[in-house]
Amino acid sequence: MMKLKSNQTRTYDGDGYKKRAACLCFRSESEEQVLLVSSSRHPDKWIVPGGGMEPEEEPNVAAAREVCEEAGVKGTLGRLVGVFENQERKHRTFVYVLIVTEVLEDWEDSLNIGRKREWFKIQEAVDLLRCHKPVQATYFQALQETCPTSNGTPLVATIGGDLPPTYTLTQSSVSDVR
C-alpha cells in the first residue's frame, strides 16, 4: 500500500505499518561515537537519521539514501541491527550499521531545513534519545545484543504504550548444536 505525502510516497507493509529505514552512523569501526541529527519537528532534540522507504526500494538502499539526505554522510553499510516496531505510530524500521567514510560539507537537509549533525558517545546518545525517541534509544541495546549472541540474526523490538521494549528473534539463530 502507498500514500502520497507532499514531497514523497509513503509505503506500508501488509500489516499497515509505515516502512522505514535508518542507520546508526559510526565514526569508525570501533563503534564508539555515533552521529545524530537535529529533529525537523523539534530542532533542539536529536534523532537517529532515517525515514520512509520508497516504493520497490530495498531497506538497505533506503537506509543509505536517508542518512545521506538527513546527515550528509556516506559510508560502508554494515549489518542489520534489527527491525523495530513503534506500535503507537505504526512504523516498522529496518536499522543498519553504517561506518562513515565521507562527510559532506553541505547536504540536502542542511540546505533545505537547517538540520544539524553532531557526534556523540554511545551512552550520551542513548540518554538524549531516551526521552524524545525511546524506540531509537533501544537500537543501541539491540546493537549490543546482535553482535556476539545472535550470529547476525535480526531482532525485532516492539514498543507500545507504557510497555518496556521487548526483543524477539525474527528467525531461529540456533542450528542443530549437540
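To start, this report covers the structure provided alongside it. (Residues numbered from 1 in each chain as written. Predicted model: local features only at pLDDT ≥ 70, side-chain atom pairs only at ≥ 80, totals over all residues. Heavy atoms only, no water.)

Next up on the list: the overall build of the chain. Counting its regular elements, the chain contains four helices and eleven strands. The 178 residues of the chain split such that 46% are buried. Contacts in the chain between residues at least 24 apart in sequence constitute 62% of all its contacts with a sequence separation of at least 6. On the chain, roughly 9900 Å² of surface is accessible, and the fraction owed to carbon and sulfur atoms is 48%. (Helix = DSSP H or I, 4+ residues; strand = E, 2+ residues; numbered from the N terminus. Buried < 20%, exposed > 50% of the residue type's maximum accessible area, 1.4 Å probe, protein only. Contact = heavy atoms within 4.5 Å. Areas by Shrake-Rupley, 256 points an atom, 1.4 Å probe, with all protein chains shown as cover.)

The subject of this paragraph is the pattern of salt bridges. All chains considered together, the criterion is met by eleven salt bridges. Between Asp13 and Arg92 there is a salt bridge, with the nearest N and O atoms lying 2.3 Å from each other. Residue Asp13 is located in the loop between strand 2 (8-11) and strand 3 (18-26), and its partner Arg92 is located in strand 8 (residues 91-103); the two are separated by 79 residues in the primary sequence. For Arg92, a relative accessible area of 14% gives the class buried. (Salt bridge = Lys/Arg side-chain N within 4 Å of Asp/Glu carboxyl O.)

Moving on, we get to the pairing of strand 4 (residues 33-38). Where burial is concerned, most of strand 4 is hidden: five out of the six residues are buried. Summarising the sheet, strand 3 and strand 4 pair through two bridges and their orientation is antiparallel. Following the sheet pairing, Cys25 is matched in strand 4 by Leu35. Between strand 3 and strand 4, which pair antiparallel one after the other, the connecting turn spans six residues, and Glu31 there sits at a positive phi close to 55 degrees. Alignment of strand 4 against strand 9 (residues 117-121), held across five bridges, turns out to be antiparallel. (Pairing = 2+ DSSP bridges.)

According to the stated counting rule, one finds two aromatic pairs in the structure shown. A centroid spacing of 5.3 Å and a plane angle of 70 degrees characterise the contact between Trp46 and Phe120, whose relative ring orientation is edge-to-face. In this pair, Trp46 sits in strand 5 (residues 46-47) while Phe120 sits in strand 9, placing the two residues 74 residues apart along the sequence. Taken as a pair, Trp46 and Phe120 share a single burial class, namely buried. Both rings, one in Phe84 and one in Tyr139, keep their centres 4.6 Å apart while their planes meet at 50 degrees; by these two values the pair is tilted. Here the residue Phe84 occupies a position in strand 7 (residues 73-86), and Tyr139 occupies one in helix 4 (residues 134-146), the gap between them amounting to 55 residues. Here Phe84 matches Tyr139 in class, with each residue buried. A cation over an aromatic ring shows up here: Lys90 above the ring of Tyr17, its NZ or CZ 4.3 Å from the ring centre. Of note, Arg92 hangs over the ring of Tyr17, and the distance from its end group to the ring centre comes to 4.1 Å. (Phe/Tyr/Trp six-rings, centres within 6.5 Å; stacked < 30°, edge-to-face > 60°. Lys NZ or Arg CZ within 6 Å of the ring centre and 35° of its normal.)

Turning our eyes to something else, we now look at unusual backbone geometry. Despite not being glycine, Glu31 shows a phi value in the positive range, around 55 degrees. Mapped onto the secondary structure, Glu31 falls in the loop between strand 3 and strand 4. For Glu31, a relative accessible area of 19% corresponds to the buried category. The phi torsion at Lys90 lies on the positive side, around 60 degrees, for a residue other than glycine. Here Lys90 lies in the loop between strand 7 and strand 8. Classification of Lys90 by relative accessible area gives partly exposed; the value is 35%.

Everything listed here is a matter of coordinates, which is why it stays silent on function.
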